[in-house]
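# Survey of secondary and tertiary structure
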Amino acid sequence: VPKKSPDTIYVGLNDRDPAWHDVYRVSISTGKRELVRKNTDRIAGWVFDLEGQLRMAVRTTDKGDTEVLKVLPEGFKTVYTCSVFETCGPDRFHKDGKRVYMQTNKGDVDLTRLVLFDPATGKEELVESDPMSRVDFGGAIFSEKTDELVGTSYEDERTRVYFRDESWKADYELLRSKFPGKDVSLGSSTADDRVLLVTASSDADPGERYLFDRTTKKLALQYKVRERIPREHMAEMKAVRY
């Protein structure tokens, strides 16, 4: 959903060809849809920039390799590839509109890392990999207000989160103190970053979802996740490392 056009959502529909999804622009208020790109090139994924422009695509070759493509009016241009034994793919465009955040483990490495990739020059800049060198890159947390990368997460024995912004870090630590023994995950936020959807869960509790006001620091319960599951019968997880 582009910020400049909040009544627009881009969707993939496979009503023409069950195997592949064409890209449509849909008006949320009316349901009217308009074809943006017909998928006759076996494209598995599409990436829009922050302005809502279709910029990149991902395709798997017959050998199982991954191709990252630049979308052109007349077709596609391959700008990045990785083999069937590697992983690579774009996540989100940088706010400069030129570079794209991408996860990859191309090269002589096992774990995926987050990089900034420039499709025009092919330049790749490391953003972050696991500080403990144990697991793949997990996820990126972006500010809705500034489009800056404010944090990263990794799925280890427990979820590890690293913040690049002190105000976000302080609020996250406050939330963790309110839910001792549970994992806290941040979901969607309002356009001004003031209100967040927050989930607090554990291996013995599917979780609860709250609205968190970053100004007042108040939490408002929205619902319990899988509320009919009896929490008292859930078992704690014990990690085994070898």
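What comes next concerns the included structure. (Residues numbered from 1 in each chain as written. Predicted model: local features only at pLDDT ≥ 70, side-chain atom pairs only at ≥ 80, totals over all residues. Heavy atoms only, no water.)

Across a sheet, paired strands are connected by hydrogen bonds in the backbone, their directions being either parallel or antiparallel. Read across the open sheet, the four strands follow the order S4-S5-S6-S7; overall the sheet is antiparallel. Taken across any chain shown, the strands that pair with only one partner, and hence form the sheet edges, are strand S4 (45-48) and strand S7 (75-82). Each adjacent strand pair in this sheet contributes to an overall mean axis angle of 25°, direction not counted. Here S4 pairs with strand S5 (residues 54-60) via four bridges, running antiparallel. (Pairing = 2+ DSSP bridges. Helix = DSSP H or I, 4+ residues; strand = E, 2+ residues; numbered from the N terminus. Axes fitted to C-alpha atoms, helices over the stretch in contact; angles between N-to-C directions.)

A few words now on empty space enclosed by the protein. On inspection of all chains with the given rule, the structure shows one cavity of 30 Å³ or more. Estimates place the volume of the largest cavity at around 40 Å³. Trp168, Asp171, Tyr172, Leu175, Leu186, Leu196 and Arg214 are the residues that line the largest cavity. If one sorts the elements of the lining of the largest cavity by residue count, helix H1 (residues 166-178) sits on top with four residues. (1 Å grid on protein atoms, 1.4 Å probe; cavity = no way out; pocket = protein on both sides within 12 Å on 5 of 7 lines; lining within 4 Å. Points joined across faces, edges and corners; volume = space filled by probe spheres on them.)

Read these as layout, nothing more, since geometry by itself doesn't imply function.
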